[in-house]
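The residues making up each chain are set out below.
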Amino acid sequence: MTNSTEGRERKTFGKPAAKRGGAKSFDARDKYERGSLKYGRRPSSGDDKNEDKARSFVQKRRLNKIEKDVHKDTIRLNKYIANSGICSRREADELITQGLVEVNGVVVNEMGYQVQKTDKVVFDGQGITPEKPVYVLLNKPKGYISTTKDDKARKTVMDLVANASPYRLFPVGRLDRSTTGVILLTNDGHMTKKLTHPSFDAKKIYHVTLDKKLTNEDMRLIVEGIRLDEGIAVVDQISFIEGKPKNEIGIEIHIGWNRVIRRIFQRLGYEVEALDRVMFAGMTKKNIKRGHWRILTELEVNNLKML
């Protein structure tokens, strides 16, 4: 890619790719500033501290709201259904009115019916659980694996989010032990299946640091597609990062093959010294320090559901 091309096609992270496989110029001053505190961080100020306190207050309020639901002995049937992730409370009222919900084998169409924790609730022939969906965004540090447990007693992402939810969470997809960056954890099985299914094409953006400068010829080969064991690895965008050395690359990809980015560069004779995921399905690491997490807002959850 020539300098003139970079000047004409300068893009910032967060904007959709014009064409799969295209080479765009990633602007560290915009995308990385929003995707990682490591880049373009402003000096701290009183306003920043006030913002941190406000975010902390909001996080505590969300956690308290979740914990209140956990400790209740009973719950309204429409909320029970909504918490299971099937639909909203208003839509749950309609399902109840239509006689589509059973509690302990009996059809219930009473508005305001209270469900015990030990009750068995069935909708459309399938049992449902009353867990309120929780969505936690973690900025994963190096040295942690993305599993719920490990037979070798290695550190996992679950150690970092132990206090994030009273429910059991599961990582959505995986980042290998050496890879850092944004990863979502949730108890919403439907959302997990959606975001990890190949047909969903969840967009992921990485900051890659190589052991040597990437040549324009090798970048061209990556744009055309590198053959790996699973097939041709196609990237959506790739470019040098503006203002950074030529061994630092921005790459957007949707395929979820194991260690696919590392293998792409290894096939061309490069070693990936650092790999940081700065965006996943539209979510970035903004305001999340390495090793820290936050609960997604309702707006962010709704955005995920609409993808």
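Our subject in this report is the structure included herewith. (Residues numbered from 1 in each chain as written. Predicted model: local features only at pLDDT ≥ 70, side-chain atom pairs only at ≥ 80, totals over all residues. Heavy atoms only, no water.)

## Focus: the sheet that holds strand 5 (residues 106–107)
This is how it is decided: Criterion used throughout: strands pair if DSSP finds at least two bridges between them. Only DSSP runs of H or I reaching four residues or more are called helices, and only runs of E reaching two or more are called strands; each is numbered from the N terminus.
Taken together, the four strands give an open sheet; going across it, the order is 5-4-7-8, and neighbouring strands pair in antiparallel fashion. The open sheet has two edge strands, strand 5 and strand 8 (126–128), and neither has a second partner. Bridge analysis of strand 4 (residues 101–103) against strand 5 gives two bridges, and the strand direction is antiparallel. Along strand 5, the bridge assignment pairs Glu-102 with Val-107.

## With respect to helix 5 (residues 89–97)
Put simply, the rule is: Each residue's exposure class comes from its accessible area (1.4 Å probe, protein chains only) as a fraction of the maximum for that residue type: buried when under 20%, exposed when over 50%, partly exposed otherwise. What the arc describes is the spread of directions from the helix axis to the C-beta atoms. Whether two residues touch is decided by their heavy atoms; if any such pair falls within 4.5 Å, the residues are in contact.
Residues of helix 5 that are buried include every one of Ala-92, Leu-95 and Ile-96, and no others. Taken down its axis, helix 5 places every buried residue within 100 degrees of arc, on the same side. Set apart from the buried face of helix 5 by more than 90 degrees, the exposed residues are Arg-90 and Thr-97. Summarising the contacts, the buried residues of helix 5 are in contact with helix 4 (77–83), strand 4 and strand 7 (121–123). Backbone geometry just downstream of helix 5 places Gly-99 in the positive-phi region, at approximately 75 degrees.

## A closer look at the packing of helix 7 (residues 189–196) against helix 10 (residues 298–306)
Two measures define how a pair of helices packs: the angle their axes make with one another and the distance between the axes. Worth spelling out the cut-off: The angle between two axes is taken between their N-to-C directions and runs from 0 to 180 degrees, where each axis is a line fitted to C-alpha atoms and a helix contributes only its stretch in contact. Note that the term roughly parallel is reserved for angles under 35 degrees, roughly antiparallel for angles over 145, roughly perpendicular for angles of 65 to 115, and oblique for everything else. By definition, any crossing whose near helix is turned counterclockwise from its far helix by less than a right angle is left-handed, and any crossing with a clockwise turn is right-handed. Here the term charged refers only to Asp, Glu, Lys and Arg, the term nonpolar to Ala, Val, Leu, Ile, Met, Phe, Trp, Tyr, Cys and Pro, and the term polar to all other amino acids, Gly among them.
It is at 10 Å that the axes of helix 7 and helix 10 come closest, and there the two elements cross at 55 degrees. Here helix 7 is positioned oblique relative to helix 10, judged by the angle of their axes. You can see that helix 7 and helix 10 cross each other, and the crossing is left-handed. Contacts between helix 7 and helix 10 involve Met-191, Lys-194 and Leu-195 on the former and, on the latter, Leu-304, Lys-305 and Met-306. Of the residues assigned to the contact of helix 7 with helix 10, the class counts are four nonpolar, no polar and two charged.

## Details of the pairing of strand 11 (residues 180–186)
The buried count for strand 11 comes to seven of seven residues, which makes it a mostly enclosed element. Sheet topology places strand 10 (residues 170–171) next to strand 11; two bridges connect them, and they run antiparallel. Each bridged residue has a counterpart across the sheet, and for Phe-170 the counterpart in strand 11 is Thr-186. Of the pairings in the sheet, the one linking strand 11 to strand 17 (residues 272–280) comprises two bridges and is parallel in character. The residue of strand 17 that forms the bridge with Thr-180 is Asp-276.

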